[in-house]
Amino acid sequence: DKNMNVFINQLFDKYSSELNTVYGHSDFDFNITSSDKNAPHTIMCRYQECTLGNILADAFVNVTSSNLSFVNGGNVRTNLLKGDITRKQVIDVSPFFNSIFVKEITGEAILNALEFGVSNLPRASGGFLQVSGCTYYVNTSINSTVEKDDNGMFLKVGGERRVSNVKINGKPLNLSQKYNLSAAEFILDGGDGYSMFKEFPTVNESVFADSDVLGYYIKNELGGKVPSKYQELQNRINIDKKPDDDDNDIKKINLLSEYLKNTFIYILLSMFLFM
């Protein structure tokens, strides 16, 4: 529509100075678009960990001082290319202007949310969760036992879980413990089927919308320079990898150390007794 195009262009002209505000710089691309023809979806954030999801979820945690954050993959819309990062670009990444809230929820609700988020794998889903302050493993050889109502809302996990080895800031998830979770109002209000959050109290409402928080984080917390750690995936979401390999190695080392220590003590006692 010609008249609509004129109107939109006038708006862009009016707000061009604000939209061209530079928040910082990146020496690398945040590329969320898959070139794999066999991939479940062109946007990787909807079925696996993605670098842009990582920095966006970290921004949520940073501005709210929460324990962890969830960002639905459908909220990450486009690539963020290297060079100067402007307000227009971060709005393009998350164009919905959802308010960010913090809710105090149980570890059990976190586990249910993660299980619900991977229930469609290997198919893509806008409800797949990008995370910060949290790591977990997913076994897709287990058929999802998530039960939903007729509107696609989460009801319960009816059997074996796909998700395991969940850790919050490096510590095993405690199902009865309360955690402060930050997320967009859309998710916390039941969007994408996440009904498990509704019963929990809101403890904080951020002054930021999800469309602004990334720019603030880059400018004010990262000093205007995106660090190189965000160029690589950080193993927050481990799909079809063996969990606890490192933990098992540590356990073996601890057991061996304990065995050697006890053996040494036994030898010393034997020598003392038979002297």
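Reading the values: the criteria
Residues numbered from 1 in each chain as written. Predicted model: local features only at pLDDT ≥ 70, side-chain atom pairs only at ≥ 80, totals over all residues. Heavy atoms only, no water. Pairing = 2+ DSSP bridges. Helix = DSSP H or I, 4+ residues; strand = E, 2+ residues; numbered from the N terminus. Contact = heavy atoms within 4.5 Å. Axes fitted to C-alpha atoms, helices over the stretch in contact; angles between N-to-C directions. Phe/Tyr/Trp six-rings, centres within 6.5 Å; stacked < 30°, edge-to-face > 60°. Buried < 20%, exposed > 50% of the residue type's maximum accessible area, 1.4 Å probe, protein only. Disulfide = S-S within 2.5 Å.

This part is about the sheet that holds strand β10 (residues 171-172). One open sheet accounts for four strands, arranged β10-β9-β6-β13; its pairing is mixed. Strands with a single pairing partner mark the edges of an open sheet, and in this sheet they are β10 and β13 (237-239). Of the pairings in the sheet, the one linking strand β6 (residues 134-138) to strand β9 (residues 163-168) comprises four bridges and is antiparallel in character. The residue bridging Y137 from the neighbouring strand is S164, located in β9. The sheet contacts of helix α5 (residues 107-117) involve β6 and β9, and relative to β9 the element is tilted by about 130°.

Turning to the packing of aromatic side chains, a few remarks are in order. Two descriptors summarise a pair of aromatic rings, namely the distance from one centre to the other and the angle between the planes of the rings. Under the definition given, this model contains six aromatic pairs. Where Y194 meets F197, the ring centres are 5.9 Å apart and the plane angle is 10°; that geometry is what we call stacked. Here the aromatic rings of F208 and Y216 are separated by 4.6 Å at their centres, their planes lie at 50°, and the arrangement is tilted. Note on F208: relative accessible area 19%, which makes it buried. Of the aromatic side chains, those joined through ring pairs into one cluster are F70, F116, F154, Y194 and F197.

Let us now look at the state of the cysteines. Under the defined criterion, the tally for this structure stands at one disulfide. Paired by a disulfide, C45 and C50 hold their sulfur atoms 2.2 Å apart. Around the S-S axis, the bridge from C45 to C50 shows a dihedral of about 105° and counts as right-handed.

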